[in-house]
Amino acid sequence: MRVGVMGCAEIARRRMLPAMRAHPLIEVAAVASRDAAKAAETAGLFGCRPVVGYDALLADDTVQAVYVPLPAALHAPWVEAALEAGKHVLAEKPLTTDPARTRELLDRARARSLVLMENVMFVHHGRHEVVRRLVADGAIGELRSLHATFTIPRLPEDDIRHQPELGGGSLFDVGVYPVRAAVHLLPGPLEVRGAVLERRPGRRVDIAGAALLRSPDGTVAHLTFGMEDAYRSRYELSGSTGRILVDRAFTPPADHAPQIVVETRDGLRTRTLPPEDQVANTLDAFVTAVRTGHLSPAGCLAQADLLAAIRRAADRPG
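Here the structure is a predicted model, which means the values were calculated and not measured. (Residues numbered from 1 in each chain as written. Predicted model: local features only at pLDDT ≥ 70, side-chain atom pairs only at ≥ 80, totals over all residues. Heavy atoms only, no water.)

Participant: How should the environment of His 124 be read in this particular structure?
Facilitator: Relative to the assigned elements, His 124 resides in the loop between strand 6 (116–119) and helix 6 (127–136). Sequence separation between His 124 and Ala 285 is 161 residues, and the spatial gap between their C-alpha atoms is 7.9 Å. Those residues in contact with His 124, other than ones at most four positions away along the chain, are Met 117, Glu 276, Gln 278, Asn 281, Thr 282 and Ala 285. (Helix = DSSP H or I, 4+ residues; strand = E, 2+ residues; numbered from the N terminus. Contact = heavy atoms within 4.5 Å.)

Rendered as structure tokens:
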């Protein structure tokens with residue numbers, strides 16, 4: 001599958017382009033940028049063709065799919081343009097900042113028999129399926145709650161994630177991880193029962209937040225996130241007879257051997273799994289979806305609805 005990359009964002013250069021180049025079923029055909037020098041530099045690193053301007057990339061009939069790592073606020077118009085050009089699309093998370101727009105784009109892709117996939121990579125790591133099986137098998141009794149957190153250190157002042165007009169802020173950048181963990185691990189549909197978003201002096205976006213969610217069966221999720229904190233990436237599932245702890249949950253390196261810790265009254269049991277490359281797994285899922293025409297939008301839609309509901313709850317007076 002010939003893929004064009006729409007932009008030279010850090011995640012494209014650092015993670016996605018190397019993984020695409022190594023994938024046996026993907027050929028990186030071109031990298032586009034509005035800056036000719038940046039396009040040429042990035043294309044040179046990955047042995048593909050530089051293209052000036054995103055419209056020019058979409059006009060290339062030899063490109064079958066595009067990867068969109070642009071700022072969140074720019075996803076919707078360029079994803080729509082890519083679908084109109086007949087391209088399959090892998091877009092960075094969140095797919096859009098508006099659930100209605102997310103639904104519209106997914107409907108548009110389906111109507112054109114095209115794949116539109118949101119790039120939430122951790123759900124393609126096998127350890128989370130192991131966790132789900134443990135819960136289903138009663139390893140910690142009846143599931144009671146999820147605590148999930150993702151925080152990162154302070155970003156440079158000129159980082160685009162500090163710019164609200166580009167869709168910046170902690171909710172859309174780092175909050176998406178614990179929110180998607182709740183969608184992935186708990187029975188739904190989930191309801192937001194409370195939320196806060198912290199806006200500190202000198203910042204134009206939310207830099208941290210928390211949310212309380214509840215599932216129909218009474219399971220609750222406590223979610224925290226922030227982008228001016230020590231690095232944390234973990235979740236804990238608590239049940240009537242024990243708990244499961246997963247550390248380095250959302251962005252593990254490919255050579256990391258993940259551990260799942262199960263604690264019950266019989267003590268601690270640590271299960272170490274083989275390393276997995278969740279970036280390669282994500283690309284496998286995208287290629288498979290393009291080949292089969294099957295991709296469930298359920299997780300993406302539930303995540304979009306929850307992100308919007310968290311913002312509404314946090315903005316509600318009192």
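Participant: Looking at this model, I keep getting lost on the sheet that holds strand 2 (residues 27–33). Mind explaining?
Facilitator: Within a sheet, each strand pairs with its neighbour through backbone hydrogen bonds, oriented either parallel or antiparallel. In space, the 6 strands of this open sheet follow the order 3-2-1-4-5-6, with parallel pairing throughout. Two strands close off the open sheet at either side, each with one partner strand: strand 3 (49–52) and strand 6. Neighbouring strand axes in the sheet, compared pairwise and without regard to direction, differ in orientation by 20° on average. (Pairing = 2+ DSSP bridges. Axes fitted to C-alpha atoms, helices over the stretch in contact; angles between N-to-C directions.)

Participant: Hey, could you run me through the side chain of His 75 in this one?
Facilitator: Turning to its location among the elements, His 75 is positioned in helix 4 (residues 72–84). For His 75, a relative accessible area of 1% puts it in the buried group. Only 2.7 Å separates the side chain of His 75 from the backbone oxygen of Pro 94, close enough to count as a polar contact. Setting aside residues up to four positions removed in sequence, His 75 forms contacts with Val 68, Leu 70, Glu 92, Lys 93, Pro 94 and Leu 95. (Buried < 20%, exposed > 50% of the residue type's maximum accessible area, 1.4 Å probe, protein only. Polar contact = N/O pair within 3.5 Å; in protein donor to acceptor, adjacent residues only side chain to side chain.)

Participant: Even after reading the chapter, I still don't get the side chain of Thr 96, so can you show me in this structure?
Facilitator: Counting through the fold element by element, Thr 96 comes out in the loop between strand 5 (88–92) and helix 5 (99–111). Overall, the relative accessible area of 6% leaves Thr 96 in the buried class. Here the side chain of Thr 96 touches Thr 102 through a polar contact of 2.7 Å, side chain to side chain. With sequence-adjacent residues up to four places away left out, Thr 96 is seen in contact with Ala 76, Arg 101, Thr 102 and Leu 105.

Participant: Would you explain the sheet that holds strand 9 (residues 208–214) in this entry?
Facilitator: Taken together, the 8 strands give an open sheet; going across it, the order is 8-9-10-7-11-12-13-14, and neighbouring strands pair in mixed fashion. At either end of the open sheet lies a strand with only one pairing partner, and these are strand 8 (191–198) and strand 14 (267–272). Between one strand and the next, the sheet's axes are offset by a mean angle of 10°, whatever the strand orientation. Note that strand 7 (residues 143–151) and strand 11 (residues 232–239) share 8 bridges and pair antiparallel. Looking across to strand 11, one finds that Phe 150 is bridged to Ser 233. Relative to the sheet, helix 9 (residues 298–315) contacts strand 8 and strand 9, its axis offset from that of strand 8 by approximately 65°.

Participant: Honestly, unusual backbone geometry in this entry has me stumped. Any pointers?
Facilitator: When glycine is set aside, most residues are seen to have a negative phi, and most peptide bonds are trans. A cis amide bond, omega -15°, links Lys 93 with the succeeding residue Pro 94. Inspection of the secondary structure assignment puts Pro 94 in the loop between strand 5 and helix 5. The backbone of Ser 113 sits at a positive phi, close to 55°, despite the residue not being glycine. Looking at the element boundaries, Ser 113 is found in the loop between helix 5 and strand 6. Of note, Arg 248 is a non-glycine position whose phi angle comes to about 50°, a positive value. Take Arg 248: it is sitting in the loop between strand 12 (242–247) and strand 13 (259–264).

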